[in-house]
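# Results of the structural survey
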Amino acid sequence: MRPFTLLIKPTGPDCNIGCKYCFYSTKTELFGEGKHRMSDEVLDKLVGSYLRLRFEISSFAWQGGEPTLMGLDFYKKVIDLQQACGDDGQLVTNALQTNGILLDEKWCRFLAEYKFLVGISCDGPKEYHDYYRRTRSGEGTFDKVMAGIENCRKHKVEFNVLVLVNSRNVEAADELFDFFRGLKIKYLQFVQCAERDPSTGQIAEFSITAQQYGDFLCRIFDRWTEYGPEKISIRTFDSILSYLMVGKHSICTFQPQCNDYIVIEHNGDAFCCDFFVEDRWRLGNILETPIEKLAAGEIKRRFSRLKTGISNKCLVCRHLDICRGGCLKDRIVTDGDYKAPSYFCAGYKKFFDYAMPRFGQIAAKLSQTPHRVVSG
């Protein structure tokens with residue numbers, strides 16, 4: 001069967017901070033109030049059944065909520081299970097997406113020893129980061145995140161930074177680039193923010209517009225090309241280079257179908273995508289149905305095909321091959337129509353018009369440089 005990644009939510013929507021823009025915090029409505037934690041039974045089934053499939057690469061991505069709330073002993077058990085259930089020579093990878101607050105020296109020694117790839121959320125300098133990323137008591141988290149990053153550096157943990165481009169930092173492309181360059185961050189992921197306010201049904205105030213996103217991408221692209229594409233990896237840009245060089249995107253946003261991974265919640269429930277953790281797209285539960293059947297079942301196949309049903313506007317667009325209509329979540333954010341153009345359509349068009357000629361030149365140059373690896 002086609003290999004797939006596991007995106008695992010061991011603490012469900014639980015988190016130790018209260019980011020105003022967090023879309024996953026609302027999932028308490030689905031799973032109920034109280035503490036959500038993955039049981040040993042679910043973990044044993046998760047690791048054993050997945051590694052039994054013997055994919056060329058078995059990828060575990062631990063996310064949240066905040067996955068470090070499980071405690072370090074949980075991840076030590078993860079490693080023990082992976083070593084017990086895997087075959088000799090089987091390639092297993094672990095990634096951990098975190099707010100970075102709990103990354104002390106014990107955590108970082110462990111993450112370095114077992115080669116976890118760590119993603120740390122940071123929205124830029126303190127004035128931008130602390131605007132939305134605060135504790136539930138209203139305190140900023142910037143200083144604690146910087147301490148986590150320094151602990152990662154000290155113990156040689158491989159990490160990257162995820163930046164949510166929101167209404168507060170979207171006009172600060174230069175400041176963000178200079179800030180992360182100053183921190184010597186080599187891997188960056190910019191994620192565009194567009195959410196609906198459940199109380200009004202309108203686009204939430206922390207979201208950005210398509211025009212803002214297009215301008216942001218163009219400016220970051222300029223800074224990236226001036227600084228040197230070989231010096232810093234920006235995930236969206238690397239995906240475009242991957243498409244130009246090998247014919248395949250490295251991120252799901254621009255792929256023709258949505259079939260790269262499935263989500264496993266703390267209770268064993270499986271879903272098509274973390275943006276669509278809802279009853280309609282619940283695949284089943286790994287304690288009741290083999291994981292490979294959940295990943296290849298009719299609900300997952302139907303969800304994967306949704307992305308191919310693009311709008312007529314997309315069909316005549318000169319950027320169709322590179323974009324494929326964008327992320328499904330960004331299609332439905334305004335009116336719930338899976339076939340609608342992306343909320344960010346105008347921004348993507350502006351960016352592609354501006355940058356694609358130079359992307360072609362960069363790809364041609366990189367193809368002459370065998371040691372360059374386009375990140376996934």
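Summary of the structure given here. (Residues numbered from 1 in each chain as written. Predicted model: local features only at pLDDT ≥ 70, side-chain atom pairs only at ≥ 80, totals over all residues. Heavy atoms only, no water.)

### Concerning the overall build of the protein
When its secondary structure is counted, the protein shows 15 helices and 10 strands. Across its three principal directions, the C-alpha atoms of the protein cover 50 × 50 × 45 Å. Buried positions account for 55% of the 376 residues belonging to the protein. Considering only residue pairs separated by 6 or more positions, the protein has 71% of its internal contacts joining residues 24 or more positions apart. As displayed, the protein has an accessible area near 17000 Å², and 50% of this comes from carbon and sulfur atoms. The centroid of the 51 positive side-chain charges in the protein is displaced by 3 Å from the centroid of its 48 negative side-chain charges. (Helix = DSSP H or I, 4+ residues; strand = E, 2+ residues; numbered from the N terminus. Buried < 20%, exposed > 50% of the residue type's maximum accessible area, 1.4 Å probe, protein only. Contact = heavy atoms within 4.5 Å. Areas by Shrake-Rupley, 256 points an atom, 1.4 Å probe, with all protein chains shown as cover. Lys, Arg positive; Asp, Glu negative; His and termini not counted. Charge placed at Lys NZ, Arg CZ, Asp CG, Glu CD.)

### Focus: the pairing of strand β3 (residues 91–98)
Here strand β2 (residues 57–62) runs beside β3; their pairing, made up of 6 bridges, is parallel. Within β3, the residue paired with Phe60 across the bridge is Asn94. With respect to chirality, the unit in which β2 leads through helix α3 (residues 72–85) into the neighbouring parallel β3 is right-handed. Here β3 runs beside strand β4 (residues 117–121); their pairing, made up of 4 bridges, is parallel. Bridge pairing in β4 places Leu96 opposite Val118. Each parallel crossover has a hand, and the one from β3 via helix α4 (residues 105–113) to β4 is right-handed. (Pairing = 2+ DSSP bridges. Right-handed = clockwise from strand over helix to strand, strands pointing away.)

### Things to note about the sheet that holds β4
In spatial order, the strands read β7-β6-β5-β4-β3-β2-β1-β8-β9-β10; together these 10 strands make up an open sheet with mixed pairing. On the outer flanks of this sheet lie β7 (233–234) and β10 (282–285), each paired with one strand and no other. The pairing of strand β5 (residues 158–165) with strand β6 (residues 187–192) spans 5 bridges and is classified as parallel. Of the residues in β6, the one forming a bridge with Leu164 is Val191. Those strands touched by helix α2 (residues 40–51) are β1 (5–9), β2, β3 and β8 (261–265), and its axis lies near 155° from that of β2. (Axes fitted to C-alpha atoms, helices over the stretch in contact; angles between N-to-C directions.)

### Some words on the packing of aromatic side chains
Summed over the entire model, instances satisfying the criterion amount to 43 aromatic pairs. When the centroid spacing of 6.4 Å and the interplanar angle of 85° are considered together, the rings of Phe31 and Phe271 count as edge-to-face. Note that Phe31 is positioned in helix α1 (residues 28–31) and Phe271 in strand β9 (residues 269–271), a separation of 240 residues in sequence. Take Phe31 and Phe271: they sit in the same class, and that class is buried. An aromatic cluster is present here, built from Phe4, Tyr50, Phe55, Phe60, Trp62, Phe74, Tyr75, Trp107, Phe110, Tyr114 and Phe116 joined pairwise through their rings. The lysine or arginine in question, Lys231, covers the ring of Tyr227, its NZ or CZ lying 5.1 Å from the ring centre. Over the face of the ring belonging to Phe275 we find Lys329, whose NZ or CZ atom lies 5.1 Å from the ring centre. (Phe/Tyr/Trp six-rings, centres within 6.5 Å; stacked < 30°, edge-to-face > 60°. Lys NZ or Arg CZ within 6 Å of the ring centre and 35° of its normal.)

### Considering the pattern of salt bridges
Using the criterion set out here, one finds 27 salt bridges in the structure. Among the salt bridges present, the one from Asp14 reaches Arg37, with a minimum N-O distance of 2.8 Å. Of the two residues, Asp14 is situated in the loop between β1 and α1 and Arg37 in the loop between α1 and α2; the sequence distance between them amounts to 23 residues. Put simply, Arg223 and Glu226 hold a salt bridge, and the shortest N to O gap is 4.0 Å. Of this pair, Arg223 and Glu226 both sit in helix α8 (residues 210–227), 3 residues apart, which is roughly one turn of that helix. (Salt bridge = Lys/Arg side-chain N within 4 Å of Asp/Glu carboxyl O.)

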